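# Topology and contacts: notes
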There are 2 protein chains.
Amino acid sequence: MAERGRPRAFDRDEALRRAMVLFWQRGYDGASLGELTEAMGINRPSLYAAFGSKEALFREAVALYDATEGAPIQEKIEQSPTARQAVEAVLRHNARAYVRTDVPRGCLVVLAALIGTPEHEDLRCFLKENRKGAEDYLCQRIARGISDGDVPATADPAAMARFYTTVNQGLSIQARDGASMEVLDSVVDAAMVAWDGLTAGTPSTKSTARAGQNNPSI
Amino acid sequence: MAERGRPRAFDRDEALRRAMVLFWQRGYDGASLGELTEAMGINRPSLYAAFGSKEALFREAVALYDATEGAPIQEKIEQSPTARQAVEAVLRHNARAYVRTDVPRGCLVVLAALIGTPEHEDLRCFLKENRKGAEDYLCQRIARGISDGDVPATADPAAMARFYTTVNQGLSIQARDGASMEVLDSVVDAAMVAWDGLTAGTPSTKSTARAGQNNPSI
DNA sequence: CCTTTTAGATACCGATTGGTACGTAAATGC
DNA sequence: GCATTTACGTACCAATCGGTATCTAAAAGG
């Protein structure tokens, strides 16, 4: 029952990991097949035999990214005793992860294919769904906080998840722009300052500047 | 003293505007010369004669973007009576601008060249400096708020500018992901909830979860 | 041994990329 | 009218893109 033909001479998992890092660094379009095969230590036909296509390789790379980089985040979300601690733990974790020196800065899912040619629209949508999934996951954790009693029932979990997801995505850009861990942490500090106010109730009704924003007389 | 040779048959400003929109939509790499010339209504040699190169065209497009899309923001920052109103006005403005249907969603400066090949590193740096400039501008406005007396002297303008810039950049991603104006506004709501806490003093010292983030026993 | 099966390596494919050479058209200066 | 200057349009360039055909090497099954 062993494999029949000539055995593969490279470690598929390791090759995928290296491809993931290159996609992470350069983005989908920015990583050419030449660079990919060189980084993976294999030649082109071997890549196609093992992964099917550049796009399929990318999707596998994203799956690997989710499994490896996403795992500790998922763990922090689940195991934090309160929703507030869960959200802060995620942001703190990323403030550290995004400045690691052994991998590219920022989040692959956020950065690798934000815009580009219409040809790769489905790929961008794939990443968009991934981002949406992360936001929904955070939303559910905050909602759980209401059930658990550590978050007031006046809170709007969806709005809070959107806000902290937006900050989190902004952190990827800041990290790419060279922000230090301390700087990213200060952004997280600021975001967490809003927590109590956010759980207190819907802030939309308190806003002073929303109405008439499109009125040129103001 | 009039121009000597054959007059240009196209409107250079209009052609540049169309190029800007295409770069805005697809990013630098995603906008090919073929698409650019088609959108601009000119042929390739005319583009090179009028703009020099694709990269020079892009830089001019960014300058035009700053001049047109950035002008109302600058005006809001300068003319708002308080720093708080200035920051909120910028975010509200963008929450509306980023969902316009006549132009691509999100901010060109944030989205057009975040990552890619090492070949265009200087171009990404160019946009990075542009982003940095916007943050510095916001920082100065908040510092002015301290001088004016509408912001407590305990506030940290640099940290606040970083936070609101991070949120602002996150808004571009949310807008690309399909967020409605209402959704973007709710993110702005949340960000503004933090204001009073941020001006009250440095939140870093109050954080509970920052220390020992790398300690697996916590 | 020989056949079968799978992988590695070279060399190639058509398409597209950013960028130009070159001949022609349209204006001004004299 | 004629030379000069600038722009337009076609047709092209080398380089690179993602993807493969083909041949050889290395394993298992018989």
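All names here are of chain A. Taken as a whole, chain A is organised into domain 1 (11-68) and domain 2 (70-202). Taking the mean C-alpha position of each, domain 1 and domain 2 sit 26 Å from one another. Listed per partner, the contact involves 16 residues of domain 1 and 18 residues of domain 2. Taking both sides of the interface into account, the surface hidden between domain 1 and domain 2 amounts to around 1,600 Å²; carbon and sulfur atoms contribute 62%. A per-residue breakdown of the area domain 1 buries against domain 2 is headed by Trp 24, Arg 59 and Tyr 65, which together make up 37% of the total. There are one salt bridge connecting domain 1 and domain 2. Close ionic contact of Arg 59 with Asp 122 constitutes a salt bridge, the shortest N to O distance being 4.0 Å. At the boundary of domain 1 and domain 2, one finds 10 residue pairs in polar contact (both at pLDDT 80 or more).

Neighbouring DNA strand C are 23 residues; Arg 6 and Asn 43 of chain A together with Leu 33, Tyr 48 and Lys 54 of chain B lie closest to it. Each atom of DNA strand C within 4 Å of the protein was classed as base or backbone; sugar and phosphate made up 65%. Between DNA strand C and Leu 33 of chain B, the relevant distance is 2.8 Å, taken from a phosphate oxygen to a main-chain nitrogen or oxygen of the residue. Separating a phosphate oxygen of DNA strand C from a side-chain N or O atom of Tyr 48 of chain B is a distance of 2.3 Å. Elements represented by at least two residues in the surface near DNA strand C include exactly helix H3 (44-51) of chain A together with helix H3 (44-51) of chain B. For the surface near DNA strand C, the element with the most residues is H3 of chain B, which contributes three residues. Residue composition of the surface near DNA strand C, by class: 10 nonpolar, five polar and eight charged.

Quick look at the packing of aromatic side chains now. Residue and element names in this part refer to chain A. Scanning the entire structure with this criterion turns up 13 aromatic pairs over all chains. Geometrically, the ring pair formed by Phe 23 and Phe 58 is edge-to-face, given 4.9 Å between the ring centres and 85° between the ring planes. Taken as a pair, Phe 23 in helix H1 (residues 12-26) and Phe 58 in helix H4 (residues 54-79) lie far apart in primary sequence, 35 residues in all. Each member of the pair, Phe 23 together with Phe 58, is buried. Arranged with centres 5.1 Å apart and planes meeting at 75°, the rings of Tyr 28 and Phe 58 form a pair that is edge-to-face.

This part takes up the nonpolar core. Counting 135 residues, the largest nonpolar core has Leu 36, Phe 163 and Tyr 164 of chain A together with Leu 36, Phe 163 and Tyr 164 of chain B as its most contacted members. When neighbours within four sequence positions are excluded, Tyr 164 of chain A is seen to be in contact with Val 87, Leu 91, Leu 138, Ala 191, Met 192, Ala 194, Trp 195 and Leu 198 of chain A.

The next point concerns the packing of helix H8 (residues 157-176) of chain A against helix H10 (residues 181-193) of chain B. In the contact formed by H8 of chain A and H10 of chain B, the axes pass within 9 Å of each other and the chain directions differ by 80°. Taken together, the axis directions place H8 of chain A and H10 of chain B in an arrangement best described as roughly perpendicular. Between H8 of chain A, through Arg 162, Phe 163 and Thr 166 of chain A, and H10 of chain B, the contact on the second element is made entirely by Val 183, Ser 186, Val 187, Ala 190 and Ala 191 of chain B. Here the contact of H8 of chain A with H10 of chain B is built from residues that sort into five nonpolar, two polar and one charged.

Conventions used here
Residues numbered from 1 in each chain as written. Chains lettered and ligands numbered in written order. Predicted model: local features only at pLDDT ≥ 70, side-chain atom pairs only at ≥ 80, totals over all residues. Heavy atoms only, no water. Domains from an automatic or database assignment. Contact = heavy atoms within 4.5 Å. Buried area = accessible area lost by both parts, 1.4 Å probe. Salt bridge = Lys/Arg side-chain N within 4 Å of Asp/Glu carboxyl O. Polar contact = N/O pair within 3.5 Å; in protein donor to acceptor, adjacent residues only side chain to side chain. Near = heavy atom within 4 Å. Helix = DSSP H or I, 4+ residues; strand = E, 2+ residues; numbered from the N terminus. Nonpolar A, V, L, I, M, F, W, Y, C, P; charged D, E, K, R; others polar. Phe/Tyr/Trp six-rings, centres within 6.5 Å; stacked < 30°, edge-to-face > 60°. Buried < 20%, exposed > 50% of the residue type's maximum accessible area, 1.4 Å probe, protein only. Core = buried A, V, L, I, M, F, W, Y, C linked by side-chain atoms within 4.5 Å. Axes fitted to C-alpha atoms, helices over the stretch in contact; angles between N-to-C directions. Parallel < 35°, antiparallel > 145°, perpendicular 65-115°, else oblique.

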